[in-house]
Amino acid sequence: MDEFVISSGHAKVVRGASGYLDEVNEARKVVPKVAEYLKELDCKVNIFNDNTSKTQRDNINTIVKYHNSKSRDFRCICAF
C-alpha cells in the first residue's frame, strides 16, 4: 500500500466530545503526524479536515465524498 487518505473525525463546528480532551483538536494533531510518517516511507498521502459542515449528517457525507474523490489503497478517519 502506498496511497492513503486520512481525515480527522468530526468537523470544526461539529466537534464531538470535549472536556477532558477535545476530539477535533486531538485528531487534527494526529492526522498530520501520521501523514508525516507515511511520507517518510515514500507514500502518497492526502489529508482532510472538515471546516464547513454544520450537522453530523453533512460531516460524514463531506468526509466520505472527499475520501471517494481520491485514489487510495487505504483510508482512515481519526476520531477519539
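Keep in mind the model is a prediction, meaning the values are calculated, not measured.

Novice: Where do I start with the environment of Glu 26 in this structure?
Specialist: When you line up the elements, Glu 26 lands in helix α1 (residues 23-40). A C-alpha to C-alpha distance of 21 Å links Glu 26 and Arg 57, two positions 31 residues apart in sequence. Apart from the residues lying within four places of it in its own chain, the contact partners of Glu 26 are Leu 21 and Phe 80.

Novice: Would you mind showing me how to read the pairing of strand β1 (residues 3-11) here?
Specialist: Looking along a regular strand, one sees the side chains alternate between the two faces of the sheet. Taken across its nine residues, β1 has seven buried, putting it largely inside the fold. Two elements, β1 and strand β2 (residues 44-50), share six bridges in a ladder whose sense is parallel. Looking at β2, one finds that Phe 4 is bridged to Val 45. Each parallel crossover has a hand, and the one from β1 via α1 to β2 is right-handed. Here five bridges tie β1 to strand β3 (residues 74-78), and the two strands are oriented parallel to one another. Across the sheet, Ser 8 pairs through a bridge with Cys 78, a residue of β3.

Novice: What's the story with the nonpolar core in this structure? I'm lost.
Specialist: When a protein is soluble and globular, its nonpolar side chains tend to lie buried together. Within the largest apolar cluster, nine residues are counted, these being Phe 4, Ile 6, Ala 27, Val 31, Ala 35, Leu 38, Cys 43, Val 45 and Cys 78. At the level of elements, β1 and α1 are the ones that each hand at least two residues to this core. Ranked by the residues each element gives to this core, the list is headed by α1, at four residues. In this structure Ala 27 touches Ser 8, Gly 9, Pro 32, Cys 78 and Phe 80, once residues within four positions along its chain are discounted.

Novice: Explain the pattern of salt bridges here, please?
Specialist: Two side chains with opposite charge may pair up if their charged atoms get near one another. Per the counting criterion, the structure on display carries three salt bridges. Measuring nitrogen to oxygen at the nearest pair gives 3.9 Å for the salt bridge that ties Lys 44 to Glu 3. With Lys 44 in strand β2 and Glu 3 in strand β1, the pair connects residues that are 41 residues apart, well separated along the chain. Overall, Lys 44 belongs to the partly exposed group, its relative accessible area being 45%. Its salt-bridge partner being Lys 33, residue Glu 36 comes within 3.4 Å of it at the nearest N-O pair. Placement of the pair is Glu 36 and Lys 33 together in helix α1, with a separation of three residues, close to one helical turn. Accessibility expressed as a relative area gives 37% for Glu 36, which makes it partly exposed. Overall, the relative accessible area of 37% leaves Lys 33 in the partly exposed class.

Criteria and cut-off values
Residues numbered from 1 in each chain as written. Predicted model: local features only at pLDDT ≥ 70, side-chain atom pairs only at ≥ 80, totals over all residues. Heavy atoms only, no water. Helix = DSSP H or I, 4+ residues; strand = E, 2+ residues; numbered from the N terminus. Contact = heavy atoms within 4.5 Å. Buried < 20%, exposed > 50% of the residue type's maximum accessible area, 1.4 Å probe, protein only. Pairing = 2+ DSSP bridges. Right-handed = clockwise from strand over helix to strand, strands pointing away. Core = buried A, V, L, I, M, F, W, Y, C linked by side-chain atoms within 4.5 Å. Salt bridge = Lys/Arg side-chain N within 4 Å of Asp/Glu carboxyl O.

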